[in-house]
Amino acid sequence: MIVIAHLSDTHIDSEPRSIERTRAVMRHLEELPYDLDAVLVTGDITDHGLPAEYEQARRLFSSRHPVMLCPGNHDRRDAFRTHLLGQASSTAPVNQVHRSADAVIAMCDSSVPGKDEGFLSDETLAWLEDVLARTSDGTPVLVGFHHPPTQLHVPFIDGIRQFGAERLMVLADRHPNIAAFLCGHAHTAAATVFAGRPLLVAPGVVSTLRLPWEHRAHPQDHVHLDHPPALAFHVLEDSGKLTTHFRHVSTAP
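Here we summarise the structure given alongside this text.

What follows concerns the sheet that holds strand E10 (residues 190-194). Pairing is mixed across the open sheet formed by 6 strands, whose spatial order is E4-E5-E7-E9-E11-E10. Of all strands in the sheet, those bounded by a partner on one side alone are strand E4 (96-99) and E10. Between one strand axis and the next, the sheet turns through 20° on average, direction left out of account. Bridge count between strand E7 (residues 141-144) and strand E9 (residues 178-183): 4 bridges; the pairing is parallel. Residue pairing in the sheet places Leu-142 in a bridge with Ala-180 of E9. The sheet contacts of helix H6 (residues 165-173) involve E9, E10 and strand E11 (197-201), and relative to E9 the element is tilted by about 155°.

Next up on the list: the sheet that holds strand E2 (residues 38-42). Taken in spatial order, the 5 strands make up an open sheet running E3-E2-E1-E14-E15, and their pairing is mixed. The sheet is open, and its two borders are formed by strand E3 (67-70) and strand E15 (242-248), each paired with just one other strand. Recorded for the sheet is a direction-independent mean angle of 20° between the axes of neighbouring strands. Two strands pair when backbone bridges link them, and strand E1 (residues 2-7) and E2 are joined in this way by 4 bridges, in the parallel orientation. Along E2, the bridge assignment pairs His-6 with Leu-40. Most of the contacts of helix H1 (residues 16-30) go to strand E14 (residues 230-236), to which it runs at about 35°, and overall it touches E1, E2 and E14.

Disulfides are covalent bonds that link the sulfur atoms of two cysteine residues. Enumeration over the complete set of coordinates arrives at 0 disulfides. Of all cysteine sulfurs in the structure, the one in Cys-70 sits closest to Cys-108, which takes part in no disulfide; the separation is 8.1 Å. Between Cys-183, a cysteine without a disulfide, and Cys-70, which holds the nearest cysteine sulfur, the sulfur-to-sulfur distance is 9.4 Å. By relative accessible area, which is 0% here, Cys-183 ends up buried.

What follows is about the environment of Arg-27. Structurally, the position occupied by Arg-27 is in helix H1. Between the C-alpha atom of Arg-27 and that of His-185, which follows or precedes it by 158 residues, the distance is 22 Å. Apart from the residues lying within four places of it in its own chain, the contact partners of Arg-27 are Ser-250, Thr-251, Ala-252 and Pro-253.

Take empty space enclosed by the protein next. For the coordinates displayed, the defined rule picks out 1 cavity of 30 Å³ or more. If you add up the space inside the largest cavity, you get close to 40 Å³. Around the largest cavity, the lining residues are Ile-2, Asp-37, Ala-38, His-98, Ser-100, Ala-103 and Ile-105. Residue composition of the lining of the largest cavity, by class: 4 nonpolar, 2 polar and 1 charged.

Criteria and cut-off values
- Residues numbered from 1 in each chain as written.
- Predicted model: local features only at pLDDT ≥ 70, side-chain atom pairs only at ≥ 80, totals over all residues.
- Heavy atoms only, no water.
- Pairing = 2+ DSSP bridges.
- Helix = DSSP H or I, 4+ residues; strand = E, 2+ residues; numbered from the N terminus.
- Axes fitted to C-alpha atoms, helices over the stretch in contact; angles between N-to-C directions.
- Contact = heavy atoms within 4.5 Å.
- Disulfide = S-S within 2.5 Å.
- Buried < 20%, exposed > 50% of the residue type's maximum accessible area, 1.4 Å probe, protein only.
- 1 Å grid on protein atoms, 1.4 Å probe; cavity = no way out; pocket = protein on both sides within 12 Å on 5 of 7 lines; lining within 4 Å.
- Points joined across faces, edges and corners; volume = space filled by probe spheres on them.
- Nonpolar A, V, L, I, M, F, W, Y, C, P; charged D, E, K, R; others polar.

Below you can see the structure in the form of structure tokens.
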């Protein structure tokens, strides 16, 4: 059994609010009486993709647990690599893999430079295919990215979801050991199915989405700013079965 923390959409900027909410979530994870197998952050790490925002993010995500991050539509690949990952600057997709004795986590870059919607490039799909080819059939694989590859029945989010997802579906059909897909972008905890697997959407750290049937002050009032930050815990059994728990986190010191 492995336990993974999954958070998303921290939107770190120069304002104390985003920093304190992210710090509260990471403090919660650091104080756990348990060593997590990984902490996944599925995109929109920063709000503007600025070097100073990534420097702040790098400090906030320093952890005793292994941390894996992928870009979202608010991120910039070159600054993400240089100031967050400490790599050479590049605009190529930021794809990363984490392997343990019990599972593989493939974090894919679904961002499209200059656009809000998502798409897995041919380069990223080829990378993911190679990761899966190098993984034994009995080892469960979790595939993460920022944009949901299917509708969540929220027009504001569905219009900027991950498009071209039928290509990912075909790939998944060839690899039954994909246990689940994990994403963010929607700023709401959600669970559905994609390619016959669970698709689990992490709640937002910086804000919480207003669903279409909830009250709003005006048509562009898309998020709750007063809800506490939240995250998901995924428990993956040796059989590949996945159980998810959602937690709110207090921002009090």
